[in-house]
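# Report on the structure
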Amino acid sequence: MRKIDKLMKRAASSERLIYTLRTVIMVAISTFICLLLNQAGVMKENVLMVFLIGVLLIGAFTAGYEYGIFGAVVSVLLFNYFFTVPVHTFAIMNPDDVALMVLFLAASCISSGMTARFRKQLSIAEENERAARRMSEMSEKFINVTGRDRIIALGIRYIRENTGYEAAVHIFDDVSEKEGSEGRYVIFPIGGIVRQIGELKVFTDDRGIGADQEIFIRAAAGQMGIALDREMIYSEQEQTRLEVEREHLKSSMLRSISHDFRTPLTGIIGDCDLILKNRGGDSVQNEALIKDIREQSLWLTRTMENILSMTKIENGTDFIDKNREVIEDLVYEAEGHITGLREHRRFSDSMPEELLTADVDGRLIIQVLVNLLDNAVKNTEEGGYIRLSVSFQEGKAYFVVEDDGRGIEPGKEQQIFGEFISFVGKGPDQKHGIGLGLTICKEVVEAHGGRIWAENRLEGGARFTFWVNAEVAG
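Conventions we followed
- Residues numbered from 1 in each chain as written.
- Predicted model: local features only at pLDDT ≥ 70, side-chain atom pairs only at ≥ 80, totals over all residues.
- Heavy atoms only, no water.
- Buried < 20%, exposed > 50% of the residue type's maximum accessible area, 1.4 Å probe, protein only.
- Helix = DSSP H or I, 4+ residues; strand = E, 2+ residues; numbered from the N terminus.
- Pairing = 2+ DSSP bridges.
- Core = buried A, V, L, I, M, F, W, Y, C linked by side-chain atoms within 4.5 Å.
- Contact = heavy atoms within 4.5 Å.
- Axes fitted to C-alpha atoms, helices over the stretch in contact; angles between N-to-C directions.
- Left-handed = near helix turned anticlockwise from the far one by under 90°.
- Expected span 1.5 Å × (residues − 1).
- Polar contact = N/O pair within 3.5 Å; in protein donor to acceptor, adjacent residues only side chain to side chain.

Right, let's get into the pairing of strand β11 (residues 462–469). Counting buried positions over the 8 residues of β11 gives 6, a clear majority of the element. The pairing of strand β9 (residues 396–403) with β11 spans 7 bridges and is classified as antiparallel. For Val401, the partnering residue across the bridge sits in β11 and is Phe464. Inspection of the sheet shows strand β10 (residues 451–456) paired to β11 by 6 bridges, in the antiparallel sense. Within β11, the residue paired with Ala454 across the bridge is Phe464.

Here it is as structure tokens:
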């Protein structure tokens, strides 16, 4: 602080020296011109006008009326010395010269005062313009900034840059303070639209705050309060929207579960009743009924696994438990979970010659494959074509599940990975799913650092492809 005061005093002293030199130079130039005009025969009354112009220029190029008065007094003395009789003395013999010099001195003082006042008003206007520009710039910045921390940082930065003071912000619902320093401070309220939401501490270190600085700080606090209030309102609205959307999703899932679970459960109960009625009857019929019960039960199991997995994903929990797995084992196990895959469809698979391993959650990758294969079964006719192939390229294992079913509606290639998006199959044994299978596939693959996408085959049907990082077993 002492260094700053010394620098300010040094700057003021240097400024006074410059203005004094300008005054002396103006008076010297005026005197030189007057001597030239006098030698050319110009009357002394007209010569005095040159001195008056010099005084006006002093007022224009210096700050403060004292320089103009000083120039006017010196100009009068020089006029008396060089141009009044007797010359080269300070004596005055002609009363007209006395009146002329008095009038000149009065006119010079008045013009100096008016020039100084004009310069002061001009300086105030320029300062007000700069302040208004800073206010406008600050308001524009606060309109575009989002996030509580960024709003507070912007306000503190503007206060530091425009006043030289450090500041700290305390929000009433926040236990911490944002930035700041130790020392004495002045508190300014941060007001929102309907209530005060915090305090702004400006650390002055006993320097005091000027009127212009206080106006700017209050404006910054006001802009900060409006921006923070807007951010809080937006956060509350966003939270409300998310809660409404979450409730809507829950309601949709419950409706889908209640509707879709009723079909297999009704089938299971009906099959069980038939078995009980035909106890000891046709064993072939009973075996078919038991197989149907098993298929319905497996479908319910897969559906419940999808629901549980989606619950873990939406809760944000770490649902990935990676281990070193052999990809071929994962594929064959997934195929075994799809009832009737080989009996009712023309199914084929292909694996690379290399033995591939990947650091994955085997249970979830199997679930992805099961969901894709089950989706292919649902969307193909009896005897339809389904193929599962695995390839290895540049450290990635690519899984491709394709079929010759009805394909994907154009423009829906990305939407089908959304929650509760379900498409009804055409086969007689199709079941209506709750639309979580492909969503889980996307979440699981991306959680493993991979990518999944869907497309239509040129030959007809759909193709689903995803990859995960893998390597050839050593």
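The biggest cluster of nonpolar side chains holds 42 residues, and the ones touching the most others in it are Ile327, Leu369, Leu372, Leu373, Phe399, Phe464 and Phe466. Looking at this core, the elements with two or more residues in it are α8 (327–336), β7 (356–360), α10 (362–378), β8 (385–393), β9, α11 (437–447), β10 and β11. At 10 residues, α10 tops the list of elements feeding residues into this core. The residues touching Leu372, leaving out its near neighbours within four places in the chain, are Val401, Leu438, Cys441, Phe464 and Phe466. Leu154, Ile190, Leu200 and Met232 belong to the second-largest nonpolar core, a separate cluster that totals 26 residues.

In the contact formed by α10 and α11, the axes pass within 9 Å of each other and the chain directions differ by 145 degrees. Handedness of the α10/α11 crossing: left-handed. Residues Leu364, Ile365, Gln367, Val368, Asn371, Leu372 and Asn375 of α10 form the contact with α11, whose participating residues are Gly437, Leu438, Ile440, Cys441, Val444 and Val445.

This next bit is on helix α4 (residues 95–144). Residues lying three or four places apart along an α-helix face the same way, a consequence of the helix completing one turn every 3.6 residues. Over its 50 residues, α4 runs 73 Å from end to end, which matches the ideal 74 Å to within 8%, given 1.5 Å per residue. For α4, the complete set of buried residues consists of Asp97, Met101, Phe104, Ser108, Ser111, Ser112, Thr115, Ala116, Met138 and Phe142. Between the side-chain oxygen at the start of α4 and the backbone nitrogen of Asp96 there is a gap of 3.0 Å, and the oxygen is on Asn94.

Another aspect to go through is the sheet that holds β7. With antiparallel pairing, the 3 strands of this open sheet are ordered in space as β5-β7-β12. Each of the sheet's edge strands pairs with one partner strand only, and the pair in question is β5 (323–326) and β12 (471–472). Of the pairings in the sheet, the one linking β7 to β12 comprises 2 bridges and is antiparallel in character. Across the sheet, Leu356 pairs through a bridge with Val472, a residue of β12. Lying on the sheet, α8 is in contact with β5 and β7; it crosses β5 at an angle near 70 degrees.

Glancing now at the pairing of strand β4 (residues 196–203). Burial analysis of β4 places 6 of its 8 residues in the buried class, the great majority of the element. For strand β1 (residues 166–171) and β4, the ladder comprises 6 bridges, and the chain directions are antiparallel. If you follow Glu166 over to β4, its bridge partner there is Phe203. Where strand β3 (residues 185–191) meets β4, 7 bridges bridge the pair, whose relative direction is antiparallel. Bridge pairing links Tyr185 to Phe203 in β4. Hairpin connection, β3 to β4: the antiparallel pair is bridged by 4 residues.

Bringing the sheet that holds β9 into the picture now. One open sheet accounts for 5 strands, arranged β6-β8-β9-β11-β10; its pairing is mixed. On the outer flanks of this sheet lie β6 (346–350) and β10, each paired with one strand and no other. The mean inter-strand angle of the sheet, taken between neighbouring strand axes irrespective of direction, is 15 degrees. Packed on one face of the sheet, α10 meets β6, β8, β9 and β11 and runs near 175 degrees to β11. Lying on the sheet, α11 is in contact with β10 and β11; it crosses β10 at an angle near 140 degrees.

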